[in-house]
Amino acid sequence: MRDMTEVLRRFEAHAADEDRKATHEVYGESFEDAAFAFIERWRPAADAQGEIQVQLTDCESGERQCFRLDLDDGQVGLCG
């Protein structure tokens with residue numbers, strides 16, 4: 001059995017409207033995959049609904065991307 005960290009990339013992720021101190025380390029095959037991994041770990045406000053923006057940084061390359069995630073239906077897309 002191979003080590004999953006050899007297949008997955010490491011990212012730092014945080015909700016765009018939160019301080020960078022709230023950054024989580026997540027793993028994913030892609031930026032989009034890492035955005036969903038972040039949502040599984042992140043705890044939104046109790047009344048959170050609608051859409052959030054997630055800032056992601058690939059820890060190896062330094063590349064950054066932002067994704068919009070709809071908390072109600074799971075739709076994802078790049079920030080505009």
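Here we summarise the structure given alongside this text. Quantities reported herein were computed from a predicted structural model and do not represent experimental measurements.

How each quantity is defined
- Residues numbered from 1 in each chain as written.
- Predicted model: local features only at pLDDT ≥ 70, side-chain atom pairs only at ≥ 80, totals over all residues.
- Heavy atoms only, no water.
- Helix = DSSP H or I, 4+ residues; strand = E, 2+ residues; numbered from the N terminus.
- Buried < 20%, exposed > 50% of the residue type's maximum accessible area, 1.4 Å probe, protein only.
- Contact = heavy atoms within 4.5 Å.
- Pairing = 2+ DSSP bridges.
- Disulfide = S-S within 2.5 Å.

With that out of the way, let us pick up the side chain of H14. Relative to the helices and strands, H14 resides in strand β1 (residues 9–15). The exposure class of H14 is buried, given its relative accessible area of 6%. When neighbours within four sequence positions are excluded, H14 is seen to be in contact with D19, R20, A22, T23, F38, Q53, V54 and Q55.

Where β1 meets strand β2 (residues 24–28), five bridges bridge the pair, whose relative direction is antiparallel. Bridging across to β2, E12 finds its partner in E25. Inspection of the sheet shows β1 paired to strand β3 (residues 51–58) by five bridges, in the antiparallel sense. Note on β3: the bridge partner recorded for A15 is V54.

This part covers the state of the cysteines. Scanning the model with the defined rule gives one disulfide in all. Two residues share a disulfide in this structure: C66 and C79, whose sulfurs sit 1.9 Å from each other. On the sign convention where negative means left-handed, the S-S torsion of about -55 degrees between C66 and C79 marks this disulfide as left-handed. Residue C66 is found in strand β4 (residues 64–70), and its partner C79 is found in the segment after β5 (76–78); the two are separated by 13 residues along the sequence. Owing to a relative accessible area of 14%, C66 belongs among the buried residues under this scheme.

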